[in-house]
Amino acid sequence: MKTVYKILPVSIFDIPGLEQWLEEQANQGLSPVHLGSYASFTKDGVPGTRYRLEPLGKMGTEPTPEQLELYHSAGWEYAFPIARAYFLFYTTDPDAPELYSDLATRGQSLDRLAKQIKSTRVKRLLIPVLVVVVLLAAMLWPVSRFDVQPDRWANFPILLLYLTNPMLLIFVITVAFQLPREFREYRTLLNTHEALKSGLIPPPSQISGKRIAFENISQLILLPVLVLCLILNYIIPQNKPLSQFELPYVSLSDMENKDLFTYDELFGESSYYSEDKNQTNRQFSLLSPGWYEVSQYLHSAQAGTQTNAFSPNPEGGKYRYSPSLDMVRFSLLVSALSRSVAEAQLDAYRLINVYWTYEEVDYPGTDFVILAKEEDGIWQMAALGSGKHVAVFRYAGQEKLADRLDLLSSMVNP
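Residues numbered from 1 in each chain as written. Predicted model: local features only at pLDDT ≥ 70, side-chain atom pairs only at ≥ 80, totals over all residues. Heavy atoms only, no water.

**Quick notes on the side chain of Gln67**
Its place among the elements puts Gln67 in helix H2 (residues 65-73). Overall, the relative accessible area of 16% leaves Gln67 in the buried class. Apart from residues lying up to four places away in sequence, Gln67 is in contact with Glu54, Phe87 and Phe89. (Helix = DSSP H or I, 4+ residues; strand = E, 2+ residues; numbered from the N terminus. Buried < 20%, exposed > 50% of the residue type's maximum accessible area, 1.4 Å probe, protein only. Contact = heavy atoms within 4.5 Å.)

**A look at the packing of helix H5 (residues 156-163) against helix H10 (residues 338-349)**
It is at 7 Å that the axes of H5 and H10 come closest, and there the two elements cross at 105°. One way to sum up the angle between H5 and H10 is to call them roughly perpendicular. Taken together, the residues of H10 that come into contact with H5 (itself represented by Pro157, Ile158 and Leu161) are Ser340, Val341, Ala344 and Gln345. Grouping the constituent residues of the contact of H5 with H10 by class yields 5 nonpolar, 2 polar and no charged. (Axes fitted to C-alpha atoms, helices over the stretch in contact; angles between N-to-C directions. Parallel < 35°, antiparallel > 145°, perpendicular 65-115°, else oblique. Nonpolar A, V, L, I, M, F, W, Y, C, P; charged D, E, K, R; others polar.)

**A closer look at the sheet that holds strand S5 (residues 77-82)**
Here 3 strands make up an open sheet; going across it, the order is S4-S6-S5 and the pairing antiparallel. Every other strand in the sheet has two partners, leaving strand S4 (50-55) and S5 as the edge strands with one partner each. Neighbour-to-neighbour, the strand axes of this sheet turn through a mean angle of 30°, independent of strand direction. Packing against the sheet, helix H1 (residues 15-26) makes contact with S4 and strand S6 (86-91), and its axis sits at approximately 145° to S4. Set on the sheet, H2 makes contact with S4, S5 and S6; between it and S6 the angle comes to about 25°. (Pairing = 2+ DSSP bridges.)

**Quick look at the environment of Glu54**
Its place among the elements puts Glu54 in strand S4. The sequence separation of Glu54 and Asp326 amounts to 272 residues, and the corresponding C-alpha distance is 63 Å.

**Structural notes on the packing of aromatic side chains**
Enumeration over the complete set of coordinates arrives at 12 aromatic pairs. The rings of Tyr71, Tyr78, Phe87 and Phe89 are connected pair by pair, giving a single aromatic cluster. Cation over ring: Arg339 sits above Phe368, and NZ or CZ is 5.4 Å from the ring centre. (Phe/Tyr/Trp six-rings, centres within 6.5 Å; stacked < 30°, edge-to-face > 60°. Lys NZ or Arg CZ within 6 Å of the ring centre and 35° of its normal.)

**Some details on unusual backbone geometry**
The residue Ala83 is not glycine, and still its phi comes out positive at about 55°. Examined against the element boundaries, Ala83 turns out to sit in the loop between S5 and S6. You can call Ala83 partly exposed: its relative accessible area is 48%. Its identity as a non-glycine residue notwithstanding, Arg84 has a phi of 55°, on the positive side. Counting through the fold element by element, Arg84 comes out in the loop between S5 and S6.

**Some thoughts on the sheet that holds strand S14 (residues 324-331)**
Taken in spatial order, the 8 strands make up an open sheet running S7-S9-S10-S14-S18-S17-S16-S15, and their pairing is antiparallel. In this open sheet, the two edge strands, each paired with only one partner strand, are strand S7 (239-241) and strand S15 (356-361). Put simply, the sheet's adjacent strands are angled 15° from each other on average, direction ignored. Relative to strand S10 (residues 290-297), strand S9 (residues 279-283) is paired through 5 bridges, and the arrangement is antiparallel. Bridged to Thr280 within S10 is Val294. Each of S9, S10 and S14 touches H5; the most contacted strand, S10, lies at about 115° to it. Contacts from H10 reach S10, S14, S15, strand S16 (368-374), strand S17 (379-386) and strand S18 (389-396), with the element oriented near 20° to S18.

**Describing the nonpolar core**
Trp21, Leu35 and Tyr86 are the most contacted members of the largest nonpolar core, which totals 29 residues. Counting residues per element, this core draws most heavily on H1, which supplies 5 residues. Excluding anything up to four places from it in sequence, Leu35 contacts Leu8, Trp21, Leu22, Phe80, Ile82 and Leu88. Ranked by size, the runner-up nonpolar core spans 24 residues in total, among them Leu242, Tyr395, Leu405 and Met411. (Core = buried A, V, L, I, M, F, W, Y, C linked by side-chain atoms within 4.5 Å.)

**Points about a nonpolar patch on the surface**
A contiguous nonpolar patch, built from Tyr5, Tyr38 and Leu220 and spanning about 300 Å² of accessible area, is present on the exposed surface. Structurally, the position occupied by Tyr38 is in strand S3 (residues 38-42). Given the relative accessible area of 31%, Tyr38 is considered partly exposed. (Patch = residues over 30% accessible without salt bridge, like charges linked within 9 Å, V, L, I, M, F, W, Y side chains within 5 Å. Areas by Shrake-Rupley, 256 points an atom, 1.4 Å probe, with all protein chains shown as cover. Salt bridge = Lys/Arg side-chain N within 4 Å of Asp/Glu carboxyl O.)

**Structural notes on the pairing of S4**
Counting buried positions along S4 yields 6 of 6 residues, so the element is predominantly enclosed. Residue alternation in S4 divides its side chains into two sets, Arg50, Arg52 and Glu54 and Tyr51, Leu53 and Pro55, and both sets are buried. In this structure, S4 lies alongside S6, joined through 6 bridges in antiparallel fashion. For Tyr51, the partnering residue across the bridge sits in S6 and is Tyr90.

Below, the structure is given as structure tokens:
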């Protein structure tokens with residue numbers, strides 16, 4: 001039998017409105033088989049059919065045999081559950097008595113559902129509260145007592161990039177769309193409950209059918225999009241070994257004047273040191289569609305059994321020279337953000353227990369170049385920007401980043 005689909009023009013929580021709408025569909029020869037954001041019908045409806053929504057009992061999502069037998073004896077048949085809130089009953093007998101003898105009794109039958117709605121409303125309020133708390137914590141979290149150059153707001157531009165992650169934005173839009181609607185619908189049911197308990201006919205809904213239908217259509221679109229984004233986020237890996245990475249980056253081997261190798265190339269696979277330490281990570285942000293990080297750890301072939309990035313021949317060759325290079329590259333949507341994002345990433349790369357000095361230099365083809373070094377001269381950083389392109393580096397080794405600006409600037413002059 002052919003199925004007819006319709007977008008629901010009334011709220012699931014508008015009990016009298018939903019019952020009336022179902023009866024109008026029955027007069028058009030339609031019988032419901034599903035109700036949610038949309039409704040599906042078969043074409044075997046009986047004109048004059050009455051529908052009543054009965055709150056779920058304590059026993060679960062199906063009526064008890066005793067309830068079914070009692071209602072059947074009164075001329076009412078069970079159809080299906082709705083929204084984990086009601087059982088839908090119907091009768092084609094015009095002489096069948098109502099399920100409740102008066103309005104107040106029917107209002108009392110909604111006591112348990114109304115209590116659940118009030119509890120759910122409080123829980124839903126925790127969602128935006130939790131989001132605000134997390135954001136405030138990210139911005140106001142106490143700095144480490146070991147940080148010798150604390151700056152609480154330094155990472156805010158990077159936080160802004162994370163907040164414009166497409167999946168996060170879709171989630172926020174979905175929540176922002178859904179929560180006010182849910183609270184309105186909860187209020188509709190609670191108003192119905194209060195009116196019935198007072199022996200009054202529930203007030204009609206103040207929301208137009210077109211608006212509710214539009215909200216239901218939007219929900220049917222937003223939720224699958226959110227699910228699709230979650231699936232894509234799971235399928236498309238953000239982290240990859242460097243050997244599988246295709247985007248441009250500065251090679252640590254090109255930074256050095258000696259041959260360098262991965263640990264596996266020198267000693268074979270190890271459970272701790274492995275080629276997997278040379279990793280890449282891609283991020284997704286509307287403000288920076290091109291945003292990725294590359295981490296490289298290499299070793300020289302000289303004698304030595306332990307790794308050390310500080311000197312080519314420390315302690316008579318006891319340690320093996322092992323430089324490292326971390327790089328983040330941004331392609332920003334708004335070029336005005338370039339410098340602030342670069343400075344934020346410099347702060348994120350900063351080792352907090354050492355003191356850094358910063359120097360700005362000029363270099364052809366760039367808008368800015370910021371060099372940083374710590375007092376022992378072991379670690380160095382550099383941030384370069386040109387237009388919407390930004391690259392930030394953190395290096396440990398014997399070379400000087402100031403002497404490699406030709407190589408580093410290639411990341412901002414594609």
